[in-house]
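Residue-level listing of the chains:
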Number of protein chains: 2
Amino acid sequence: MSTSIETLLDELKAFLRDDQISTNETILEHHSKDESYHAGNNPDIVVFPESSEEVSEIVKVADRNDTPIVPFGLGSSLEGHVIPYDKGITIDFTLMNKVIEIREKDFLVKVQPGVTRSQLNKELKKYGLFFTVDPGADATLGGMAATNASGTTSVKYGVMKDQVNDLEVVLPDGEIIHTGNMAQKSASGYDLTSLYVGSEGTLGCITELTLRVYGIPENIMAARASFPTVDDAVEAVVSILQTGVPVARVELVDEASIRQVNSFSGMDYKEKPTLFLEFHGNEPGLKHDVDFMEEIVADHHCEEVHFEKDNAARTKLWEARHNLAYAYIHGNPGRKLMVTDVCVPISELASAIKHGREKIEELDFEAGILGHVGDGNYHALLMIDTENPEEVRMAEQFNEAIVEYALARGGTCTGEHGVGRGKMKYLKREHGSALNVMGQIKSALDPKGIMNPHKLIDTEGRGK
Amino acid sequence: MSTSIETLLDELKAFLRDDQISTNETILEHHSKDESYHAGNNPDIVVFPESSEEVSEIVKVADRNDTPIVPFGLGSSLEGHVIPYDKGITIDFTLMNKVIEIREKDFLVKVQPGVTRSQLNKELKKYGLFFTVDPGADATLGGMAATNASGTTSVKYGVMKDQVNDLEVVLPDGEIIHTGNMAQKSASGYDLTSLYVGSEGTLGCITELTLRVYGIPENIMAARASFPTVDDAVEAVVSILQTGVPVARVELVDEASIRQVNSFSGMDYKEKPTLFLEFHGNEPGLKHDVDFMEEIVADHHCEEVHFEKDNAARTKLWEARHNLAYAYIHGNPGRKLMVTDVCVPISELASAIKHGREKIEELDFEAGILGHVGDGNYHALLMIDTENPEEVRMAEQFNEAIVEYALARGGTCTGEHGVGRGKMKYLKREHGSALNVMGQIKSALDPKGIMNPHKLIDTEGRGK
């Protein structure tokens, strides 16, 4: 960066209040990293805009001064997405946290990017509605769109991309566009909404989202099914999917992870490979589905199905599941989280998880497997000492083996966490020449390479 | 085009058989137009490749000689998508019509672009599977992906974009890429699959598709519900959606269109505004949904619900619905079809259709309304004499009024037919500055502007 920090600050102060601009060391440090093992780096300046127009002006300052921009939600990303490797300006969206409009009749809601998932669901509950995507972390919706997040309910309702009708985006030159509209479907030109969902801040800043929401289901039934082996549990999931029982959530939690749940969330779940399941529907339909599910899991040696009948027990179940990453972090002080995120075709899931478990046995530190197995997406959570080069090497080798296995079988290196910095090295292997097309798009839309450089894709410009 | 047709033919003959290349007048004329009112124009040459490699070589010839390429499926598009305005080479995908692989355990199928919807469903039936998107016409799957087609079942299963996991694409320089993979979800870089779905042949040629398929529902119930007025029918749909009854299809057919159905398909349906409905599910759940639906339509003055209990009657019902455009064309010899295609937020649907019907009354030629009202997408079908300038002017004014109404209410000018040539004039109004982003993508990926010029977007190059 050729411009001095003082010049940038002067230009920013022309339209932001003093309390919207920070160079405080604690604030910079807070914006230096995410929740992963990736080493951090401080930005020069953190700004806290309150409107799309302010974001536009900030980006114009960066554009004029060839200064990197990193958009920042709550920093819950897992592949170093928000680390400002080239320093520059980090835009924190905390103050843009308003639910702008709930269009209940259209099953749509307009929000600012700093609104969190739980904040939105609290608002929606009054209308009998809910937002389906739950990535575990109480992330911001802007961040979730930027990484195409998904989670436990995606097997029924789809991923973030399926929920976004429109984005307001500030382009790398400061111009403000809308990528979509409020109609349920459209064939009107290139799908810019899907391009920006998952673009990880490398093509612009998301400043408003129009999202799809759903009616809270008439009836919900949750259950825990425990199995003698992980193989049995996974085979049961594959059977459930293949018989077409419409499951709303189906999560695998292995013994190691159940132990973490019990210790962190104070539960006394049986320490066996377990499926956490949920079904949504009308009363007679739901009963039929659940009966069918019980038959299927019995065929796969299920030892016990425990139904969570009331609301409170069900909420506890999913909180325990969602807190699993934190349980691992909390239970391993001084260590950092590396988590694999491959997604494979359903027919390859059982053998992929088997392969993952064999590889875990070669490690000599804490690790567990869990995942959104209904989508073919599973995670291995490794707690590593990032000061120990041998451990880091082993963990990276493990990650690579898992990715290679998935790619060789038509899968992807990341089902839901995104590329960030950590997965860049796999993209050429996964996409081949298509990676050049991504590069051409990046170069066309962000010719100076100022948007979140060194993430997702390197181009001829700054990213190189 | 600077190169002579003879030079192109010589270069094509180097790798294609003589019967894969045509300059026959009848063949050229067949590839000059689609099923719409848009005036046609002959290509110079039509080629019939049999493999992705041949498509790649054809595109390389075009690239070297700065010659336009138009990809052609069955020509069932409705906005002039396949008309070769700058002549050049039309690629007909008729010979690339193989179902390559059915991965039943993964609910995926790999097909060549010339496979039609009905051909695929015939193959899938053996496995108890089906492909959900049905745009009425028995279009090719390549064409359906290129226009992001949808149809009667999209209210439950989604549009074409939701069904495409991966595309093989021949880029404008002849390189072959894959845009996706076989996993159910991915956050691995920019979503090129969604970019190419709906790109209407302007960024490359689709040469293979990996599509999602579904298990044939355990139970299906179809029904016709007739109402005293279109308003009542539409209000009933809005209520069904808002109470969350999971409808699989819900189609509006107005009186004029029911008359066409009766005359063309030999039915004796009551000549009243009618909803064609379908529900999928397990037996007890389905019964519950259908009972609830009956209560709702009764509240909206429904005069009669007629259930189509057996398979044959249900098939007849949907064939009649799908043949409606052909019924209009057949019933109006010498006239051509103009069809509007707006999609609006559900809360605006009743007033949008009311507005459309008022505007229809001002016309003095045959017109009717029908549509995928569960998505907020409706069509006005106008049968116009394209030799009569006054009629064409009136029809275009009508179309424009419908589009303006939808855009002013957060809708889109095209829900499912795509932009082609006919909707280009509305894109600036709909997308504002976002249209420049589309232009930058087009210029970056097709710098010479050889891919389907004068469609979807005009750029600095050839399209201008």
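Along each chain, numbering runs from 1 in the same order as the chain's sequence is written. Key to labels: chains lettered from A, ligands numbered from 1, both in the order written. Local features are withheld for residues below a pLDDT of 70 in this predicted model, meaning they are given only at 70 or higher, and side-chain atom pairs are given and counted only at 80 or more; totals for whole chains, interfaces and linings count all residues. Side-chain calculation: all heavy atoms of the structure are included, whereas hydrogens and water are not.

- In the annotation of an unreviewed UniProt entry, chain A is listed under the name D-lactate dehydrogenase (cytochrome) and assigned to Halobacillus dabanensis.
- Chain A has a UniProt comment under Cofactor (unreviewed entry) that states "FAD".
- According to its UniProt record, chain A has this under Sequence similarities (unreviewed entry): "Belongs to the FAD-binding oxidoreductase/transferase type 4 family." UniProt positions are given in the numbering used here, feature names are shortened, and annotations may be inferred rather than shown by experiment.

**A closer look at the interface of chain A and chain B**
For step 1, the next point in the chain: Note on contacts: a residue pair qualifies if any of its non-hydrogen atoms lie within 4.5 Å across the two residues. Facing the 76 residues of chain A at the interface are 76 residues of chain B.
For step 2, the next point in the chain: Counting the surface chain A buries against chain B, the share from its top three residues, A:Lys185, A:Ala187 and A:Tyr190, is 17%.
For step 3, the next point in the chain: We define a salt bridge as a contact between a side-chain nitrogen of Lys or Arg and a carboxyl oxygen of Asp or Glu at a distance within 4 Å. The interface formed by chain A and chain B holds 6 salt bridges in total.
For step 4, the next point in the chain: For A:Lys185, the salt bridge goes to B:Glu416, with nearest N and O atoms at 3.0 Å.
For step 5, the next point in the chain: What qualifies as a polar contact is a pair of N or O atoms within 3.5 Å, subject to a donor-acceptor requirement within protein and to the restriction that residues adjacent in sequence count only when both atoms come from side chains. Linking chain A with chain B are 38 residue pairs in polar contact (both at pLDDT 80 or more).
For step 6, the next point in the chain: For helices the rule is a DSSP run of H or I covering at least 4 residues; for strands it is a run of E covering at least 2, with both sets numbered from the N terminus onward. Contributions of two or more residues to the side of chain A that touches chain B are made by helix H7 (160-163), strand E9 (176-178), helix H8 (192-196), helix H9 (230-242), helix H11 (283-299), helix H16 (424-431) and helix H17 (434-445) of chain A.
For step 7, the next point in the chain: Of the residues forming the side of chain A that touches chain B, the biggest block, 8 residues, is contributed by H17(A).
For step 8, the next point in the chain: Side-chain classes are defined by residue name, with Ala, Val, Leu, Ile, Met, Phe, Trp, Tyr, Cys and Pro counting as nonpolar, Asp, Glu, Lys and Arg as charged, and the others, Gly among them, as polar. Across the side of chain A that touches chain B, the residue classes break down as 28 nonpolar, 31 polar and 17 charged. Put simply, buried area is the surface a 1.4 Å probe can reach on two separate parts but cannot reach once they are joined, added for both.

**A few points about the UniProt feature "domain: FAD-binding PCMH-type" (unreviewed entry) in chain A**
For step 1, the next point in the chain: In this numbering, the UniProt entry assigns the feature "domain: FAD-binding PCMH-type" (unreviewed entry) to residues 39-216 of chain A.
For step 2, the next point in the chain: Across residues 39-216 of chain A one finds 23% helix and 24% strand; the C-alpha atoms that close the span lie 41 Å apart.

**Comments concerning the sheet that holds strand E12 (residues 219-226) of chain B**
In a beta sheet, neighbouring strands pair by backbone hydrogen bonds and run either parallel or antiparallel.
Residue and element names in this part refer to chain B.
For step 1, the next point in the chain: When DSSP finds two or more bridges between two strands, those strands count as paired. Spatially, 7 strands are ordered E15-E12-E14-E13-E17-E18-E16 in an open sheet, and the strand pairing comes out antiparallel. The sheet is open, and its two edges are formed by strand E15 (304-308) and strand E16 (336-339), each paired on a single side. The sheet shows a mean angle of 20 degrees between the axes of neighbouring strands, direction not considered.
For step 2, the next point in the chain: For strand E13 (residues 249-253) and strand E17 (residues 367-372), the ladder comprises 2 bridges, and the chain directions are antiparallel. Looking at the pairing, Leu-252 lines up with Gly-371 of E17.
For step 3, the next point in the chain: Along the sheet, helix H15 (residues 389-407) makes contact with E16 and strand E18 (377-384), crossing E18 at roughly 175 degrees. Working convention: axes come from line fits to C-alpha atoms, limited for helices to the stretch in contact. Angles between N-to-C directions cover 0 to 180 degrees.

**With respect to the relation of the copies chain A and chain B**
For step 1, the next point in the chain: We superpose the copies by least squares over the C-alpha atoms of residues that have a pLDDT of at least 70 in both of them. Once chain A is rotated about the relating axis by 180 degrees and shifted along it by 0.0 Å, it coincides with chain B to within an RMSD of 0.0 Å. What we have between these two chains is a two-fold relation. Residue A:Gly285 of chain A places its C-alpha closer to the rotation axis than any other residue of that unit, at 1.8 Å.
For step 2, the next point in the chain: An overlap of 100% is found between the interface residues of chain A and their copies at the interface of chain B, pointing to a shared contact surface.

**Let's talk about the packing of helix H1 (residues 5-13) of chain A against helix H3 (residues 52-64) of chain A**
Residue and element names in this part refer to chain A.
For step 1, the next point in the chain: Their axes nearest at 10 Å, the elements H1 and H3 cross at an angle of 150 degrees. On the basis of the axis angle, H1 is roughly antiparallel to H3. Relative to H3, H1 is oriented so that their crossing is right-handed. Seen from H1, the contacting residues are Leu-8, Glu-11 and Leu-12; seen from H3, they are Ile-58, Val-61 and Arg-64.
For step 2, the next point in the chain: Among the residues forming the contact of H1 with H3, the class breakdown is 4 nonpolar, no polar and 2 charged. When describing relative orientation, an angle under 35 degrees is termed roughly parallel and one over 145 degrees roughly antiparallel, while 65 to 115 degrees is termed roughly perpendicular and anything else oblique. Here a crossing is taken to be left-handed if its near helix is turned anticlockwise relative to the far helix by less than a right angle, and right-handed if that turn runs clockwise.

**Section: the environment of B:His322**
All names here are of chain B.
For step 1, the next point in the chain: Structurally, His-322 is set in helix H12 (residues 311-322).
For step 2, the next point in the chain: For every residue, the accessible area obtained with a 1.4 Å probe (protein chains only) is divided by the maximum for its type, and the residue is called buried under 20%, exposed over 50%, and partly exposed between those limits. Classification of His-322 as buried rests on a relative accessible area of 15%.
For step 3, the next point in the chain: In this structure His-322 touches Asp-134, Gly-136, Thr-152 and Arg-249, once residues within four positions along its chain are discounted.
For step 4, the next point in the chain: Reaching out from His-322, the side chain makes a polar contact with the side chain of Asp-134 at a distance of 2.5 Å.

**Considerations on helix H10 (residues 255-265) of chain A**
For step 1, the next point in the chain: Turning to H10(A), its buried residues number three or more, namely A:Ala256, A:Ser257, A:Ile258, A:Gln260, A:Val261 and A:Asn262.
For step 2, the next point in the chain: The elements touched by buried residues of H10(A) are strand E13 (249-253), strand E14 (274-281), helix H12 (311-322), helix H13 (324-331) and strand E17 (367-372) of chain A.

**A short note on the packing of H12(A) against H13(A)**
Residue and element names in this part refer to chain A.
For step 1, the next point in the chain: Look at H12 against H13: their axes get within 4 Å of each other, and the N-to-C directions meet at 55 degrees. Classified by the angle between their axes, H12 and H13 sit oblique to one another. Counting all contacts with H12, which are made through Ala-320, Arg-321 and His-322, the residues of H13 involved are Leu-324, Ala-325 and Tyr-326.
For step 2, the next point in the chain: Among the residues forming the contact of H12 with H13, the class breakdown is 4 nonpolar, 1 polar and 1 charged.

**Description of the environment of A:Thr147**
For step 1, the next point in the chain: Within the element layout of this structure, A:Thr147 appears in the loop between helix H5 (141-146) and helix H6 (154-157).
For step 2, the next point in the chain: Exposure remark for A:Thr147: the relative accessible area of 14% places this residue in the buried category.
For step 3, the next point in the chain: For A:Thr147 and A:Thr386, which are 239 residues apart along the polypeptide, the C-alpha to C-alpha distance reads 25 Å.
For step 4, the next point in the chain: The contact partners of A:Thr147, leaving out residues within four places of it in the chain, are A:His81, A:Gly198, A:Glu200, A:Glu416, A:His417 and B:Ala187.
For step 5, the next point in the chain: A distance of 3.0 Å separates a polar side-chain atom of A:Thr147 from the backbone oxygen of A:Gly143.

**Side note on the pattern of salt bridges**
For step 1, the next point in the chain: Tallied over the full model, the rule gives 60 salt bridges over all chains.
For step 2, the next point in the chain: Through salt bridges with shared partners, one network takes in A:Asp134, A:Arg249, A:Glu278 and A:Arg314.

**A few points about H12(B)**
For step 1, the next point in the chain: Taking 1.5 Å as the rise per residue, H12(B) with 12 residues should run 16 Å; its terminal C-alpha atoms sit 16 Å apart, in good agreement.
For step 2, the next point in the chain: B:Ala313, B:Arg314, B:Leu317, B:Trp318, B:Ala320, B:Arg321 and B:His322 are the residues of H12(B) that are buried. Take the number of residues in a helix, subtract one, and multiply by 1.5 Å to get its expected span.

**What to know about the domain arrangement of chain A**
How large an interface is tends to be reported as the accessible area lost when its parts come together.
Residue and element names in this part refer to chain A.
For step 1, the next point in the chain: Partitioning chain A into domains gives domain 1 (1-216), domain 2 (226-325) and domain 3 (335-419).
For step 2, the next point in the chain: The C-alpha centroid of domain 3 is placed 28 Å from the C-alpha centroid of domain 1.
For step 3, the next point in the chain: Of the roughly 1,200 Å² buried at the junction of domain 1 and domain 3 (both faces included), carbon and sulfur atoms supply 52%.
For step 4, the next point in the chain: Of all residues in domain 1, Tyr-37, Leu-78 and Glu-79 give up the largest surface area on contact with domain 3, accounting jointly for 47% of the area buried on that side.
For step 5, the next point in the chain: Counting across the domain 1 and domain 3 interface gives 0 salt bridges.
For step 6, the next point in the chain: Between domain 1 and domain 3 we count 6 residue pairs in polar contact (both at pLDDT 80 or more) in total.
For step 7, the next point in the chain: By residue class, the composition of the side of domain 1 that touches domain 3 is 4 nonpolar, 8 polar and 3 charged. The start and end points of each domain follow an automatic or database-based domain assignment.

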